[in-house]
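# Structure at a glance
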Amino acid sequence: MINRVVLIGRMTKDVELRYTQSGTAVGSFTLAVNRAFKNNNGEREADFINAVIWRKPAENFANFTGKGAQVAIEGRLQTRNYENNQGQRVYVTEVVVDNFSLLESKAEADRRRAENGSSQPAQQSSVPFNNTEVDISDDDIPF
């Protein structure tokens, strides 16, 4: 059986990074993924996909991405359920991320920020990925 998901999209907000009682990092975020077609009004719609990432990759993802960042994620689709305060069963479907790729350079993020009217430059960070350096901004990027 196969359960693999690969998505490319933009972060709708910064990663919500938390820690379990045992100290394990877990990050939650939503990725906006454009549909391949336009609606009847000629507009492109997007799906908003919830995702979760665990341990050291969660910390790295939270440190080097932010709202508006274009990323690729790979993982598996998982459904869980819980009982809310009103006693109702709530079902949650999300992508459990195994791998991610940062798809935007610092220059591209700065250019997009300038086009959207924010003059604040991104903070510069360098992290090696596949023997190439990728500069990522931790600033809030307009979506």
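If you're wondering where the values come from, they're calculated on a predicted model, not measured in any experiment.

Turning our eyes to something else, we now look at the pattern of salt bridges. Summed over the entire model, instances satisfying the criterion amount to ten salt bridges. Between R4 and D98 there is a salt bridge, and its shortest N-O distance comes to 2.9 Å. Taken together, the positions of R4 in the segment before β1 (5–11) and D98 in strand β6 (residues 89–102) put the pair 94 residues apart, joining distant regions of the chain. Taking the shortest distance from any N to any O, the salt bridge between E16 and R18 comes out at 3.3 Å. On the basis of relative accessibility, which here comes to 36%, the residue R18 falls in the partly exposed class. What you see here is one network of salt bridges that share partners, running through R4, E74, R76 and D98.

Looking now at the pairing of β1. Judged from the six bridges that link them, β1 and strand β5 (residues 70–83) form a sheet pairing that is antiparallel. Along β5, the bridge assignment pairs G9 with V71. Sheet topology places β1 next to strand β3 (residues 25–38); two bridges connect them, and they run antiparallel. In the sheet register, R10 faces β3, and the bridge partner there is A32.

Glancing now at the environment of L17. With respect to the helices, strands and loops of the structure, L17 is situated in strand β2 (residues 16–19). Classification of L17 by relative accessible area gives partly exposed; the value is 31%. Taking the C-alpha atoms as reference points, L17 and F29, separated by twelve residues in sequence, lie 8.9 Å from one another.

Turning to the layout of surface pockets, a few remarks are in order. In this structure, the largest pocket spans a volume of roughly 260 Å³. Considering the residues around the largest pocket, the lining is formed by 16 residues, among which S28, A51, V52, R80 and E94 are closest to the centre. Here the lining of the largest pocket is built from residues that sort into six nonpolar, four polar and six charged.

The topology assignment puts T30 in strand β3. Residue classification places T30 among the buried positions, given a relative accessible area of 15%. Of note is the side chain of T30, whose polar atom sits 3.0 Å from the side chain of N50. Setting aside chain neighbours within four positions, we find T30 in contact with R10, M11, T12, F48, I49 and N50.

Before going further, it helps to examine the environment of W54. Positionally, W54 belongs in strand β4 (residues 44–54). On the basis of relative accessible area, W54 is assigned to the partly exposed category, the value being 34%. When the C-alpha atoms of W54 and T24 are compared, they prove to be 7.4 Å apart, with 30 residues separating the residues in sequence. Those residues in contact with W54 that sit more than four places away from it in its chain are T20, T24, A25, V26 and V96.

Basis of the calculations
Each chain has its residues counted from 1, running along the sequence as written. The predicted nature of this model means local features are confined to residues of pLDDT at least 70 and side-chain atom pairs, given and counted, to a pLDDT of 80 or more, with totals for whole chains, interfaces and linings taken over all residues. Side-chain numbers here rest on the full set of heavy atoms in the structure, without hydrogens or water. By definition, a salt bridge exists where a carboxyl oxygen of Asp or Glu is found within 4 Å of a side-chain nitrogen of Lys or Arg. The way it works is that DSSP assigns letters per residue, a run of H or I at least four long becomes a helix, a run of E at least two long becomes a strand, and they are numbered from the N terminus. Exposure categories follow from relative accessible area, calculated using a 1.4 Å probe and restricted to protein chains: below 20% of the type maximum is buried, above 50% is exposed, and the middle band is partly exposed. Here, any two strands with at least 2 DSSP bridges between them count as paired. Here the term cavity refers to a set of points on a 1 Å grid, laid over the protein atoms alone, in which a 1.4 Å probe fits but cannot get out; the term pocket refers to an open set having protein on both sides within 12 Å along at least five of seven lines, with lining residues being those that place an atom within 4 Å of a point. Grid points are joined across faces, edges and corners, and a volume is the space filled by probe spheres set on the points. Polar here means any residue outside two lists: the nonpolar Ala, Val, Leu, Ile, Met, Phe, Trp, Tyr, Cys and Pro, and the charged Asp, Glu, Lys and Arg; Gly therefore counts as polar. Whenever a nitrogen or oxygen atom comes within 3.5 Å of another N or O atom, the pair is scored as a polar contact, on the condition that within protein one atom can donate a hydrogen and the other can accept it, and that pairs from neighbouring residues in sequence are kept only if both atoms are in side chains. The contact criterion used throughout is that any non-hydrogen atoms of two residues lie within 4.5 Å.

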